[in-house]
Amino acid sequence: MSAHPSVRLGRFATAVAQARDAGDLLVQPRMGFPTRTQMASGLRAVARARARTVGTITLDSYTRVGDHDAARRALAAGADLNGFPIVAHGAAATRAMIAGAGAGSLPLQVRHGTPLPLGVVHALVDAGVDATEGGPVSYCLPYSRTPLDDAVRAWAQASEVLAHRVPGAHMESFGGCMLGQLCPPSLLVALSVLEGMFFRQHGLQSISLSYAQQTDDTQDTYAIRALRRLAAQHLAGTDWHVVLYTYMGVFPRTAHGALELLRRSARLAAATGTERLIVKTPAEAHRIPTVQDNVQALEEAWAAARAVPRTAASATDDQDGEPELGLAVHHEASALINAVLELHPDIGRALTEAFRRGILDVPYCLHADNAQQARSYIDTHGRLRWLTAGRMPLTLPRPAGTPRLRAHDLLGMLSHVQRTLDRQALAANRPQPARHLSAPDPV
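Calculation criteria
Residues numbered from 1 in each chain as written. Predicted model: local features only at pLDDT ≥ 70, side-chain atom pairs only at ≥ 80, totals over all residues. Heavy atoms only, no water. Helix = DSSP H or I, 4+ residues; strand = E, 2+ residues; numbered from the N terminus. Contact = heavy atoms within 4.5 Å. Buried < 20%, exposed > 50% of the residue type's maximum accessible area, 1.4 Å probe, protein only. Pairing = 2+ DSSP bridges. Right-handed = clockwise from strand over helix to strand, strands pointing away. Salt bridge = Lys/Arg side-chain N within 4 Å of Asp/Glu carboxyl O. Axes fitted to C-alpha atoms, helices over the stretch in contact; angles between N-to-C directions. Parallel < 35°, antiparallel > 145°, perpendicular 65-115°, else oblique. Left-handed = near helix turned anticlockwise from the far one by under 90°.

**Considerations on the side chain of Gln418**
Examined against the element boundaries, Gln418 turns out to sit in helix H16 (residues 416–428). Apart from the residues within four sequence positions on either side, Gln418 is in contact with Val250, Phe251, Pro252 and Arg253.

Pasting the structure below:
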């Protein structure tokens, strides 16, 4: 984490700084419930968890698409929404819910998923929350048909409003989580840094950069190192930290496999000096997680992180002697960032132009503004590689035996992590409680 002495920190960013100074990992759920009673109960449970936590208010699908009337009707009908409709509830009711949760000083972040976030930003600020997440690319391409130009303008305006209304407000780029899986690490790193630069250009001084756990621990370690180096280079003078997401793809169906994947993400966070971890629960493969599921995941992850030596966060670790795998991630990400920055001094316009030209191209993303020429694959070591780079400025070796992908190959890649960990779980045949399970060899 890096912070400039003149940067003011809000409650959320202060909590991250305090955890870092204590050598501890912050863990966070993705939890969201429709009613104020349910949401308050969830926040209360997170605050009381046996872990160092921050809270989440995840919004519902109607709010994400701006259909607040539909959200109000659903609330009135007692429908089971998939999140908290913050606009439909209104600022006063949301403030009262947070205060009534008895969560004390628990810092909160609103997570939503909308490409047009201005209404959500006003609502969360009015409710007294000082942190949210998203981005002009990362909340547009995977989730919507909104033109990228429109999303860039909307996120520029929302960022400026947040920066103006809440000194010390925190924004997290979702750029390191594009599509959750099958996006090679170098592109995730580049998008996260570029969105962080976009936020800074529009007035925000406290920023987090995301990275989603992928298919190989070693590759992920080098990716997070590259992310820290590039953040130090391009976000100097701001407050920034790294947030890791537990694997966002198809989750293992066995309890042992799911818990091992969660623990791996926690160990990865500790080993790389990552400041914050957003968890998934072992229930993900079977049903919508309960409050208790979320609390157990938080406690499990925090315990796993504390069981291994924590590496001090460093943005300037020496690359000398780093293996080819690590150098490749860093060099590819740096090439993508530099190519975009050469297009225009306005980061938003540069991002739009980069996608128009195919300089940025997200594999398997069907959005109309994505070139759809880049493809990736999982190699025999379980690592994500570029199959084709399209028009992106990457020089890729083409090793012998690189596959030609067909539909069933794609399906196999999507379930690679699930199958691998479930096989290990079945082979181990160990039904003991999670904390007594031994870890399998890294995939």
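**Considerations on the pairing of strand S5 (residues 170–173)**
Burial along S5 is two-sided: His170 and Glu172 facing one way and Met171 and Ser173 facing the other are all buried. As judged from the 4 bridges shared by strand S4 (residues 131–134) and S5, these two strands associate in the parallel manner. Within the sheet, the bridge partner assigned to Ala131 lies in S5 and is His170. Crossover handedness for the path S4 to helix H8 (residues 148–165) to S5: right-handed. With 4 bridges connecting them, S5 and strand S6 (residues 206–212) associate as parallel partners. Following the sheet pairing, Ser173 is matched in S6 by Leu209. For the crossover from S5 across helix H9 (residues 185–201) to S6, the handedness is right-handed.

**Description of the pattern of salt bridges**
Within the structure shown, the criterion is met by 20 salt bridges. In this structure, the salt-bridge partner of Asp21 is Arg20, at a minimum N-O distance of 2.7 Å. Accessibility expressed as a relative area gives 59% for Asp21, which makes it exposed. Note on Arg20: relative accessible area 29%, which makes it partly exposed. Glu300 is the salt-bridge partner of Arg263, the closest N and O atoms lying 3.6 Å from each other. Of this pair, Arg263 sits in helix H11 (residues 255–272) while Glu300 sits in helix H12 (residues 291–306), and the two are 37 residues apart along the sequence. Just as Arg263 is buried, Glu300 falls in that class too. Overlapping salt bridges, with partners in common, bring together Glu260, Arg263, Arg264, Arg267 and Glu300 in one network.

**A closer look at the packing of helix H10 (residues 217–234) against helix H13 (residues 324–341)**
Between H10 and H13, the shortest axis-to-axis distance is 8 Å and the interhelical angle comes to 40°. Here H10 lies oblique to H13, going by the angle between them. Considering the relative orientation of H10 and H13, their crossing is right-handed. From H10, Thr218, Gln219, Tyr222, Ala223, Ala226, Arg229, Leu230 and His234 reach across to H13, where they touch Leu325, Gly326, Val329, His330, Ala333, Ser334, Ile337, Asn338 and Leu341.

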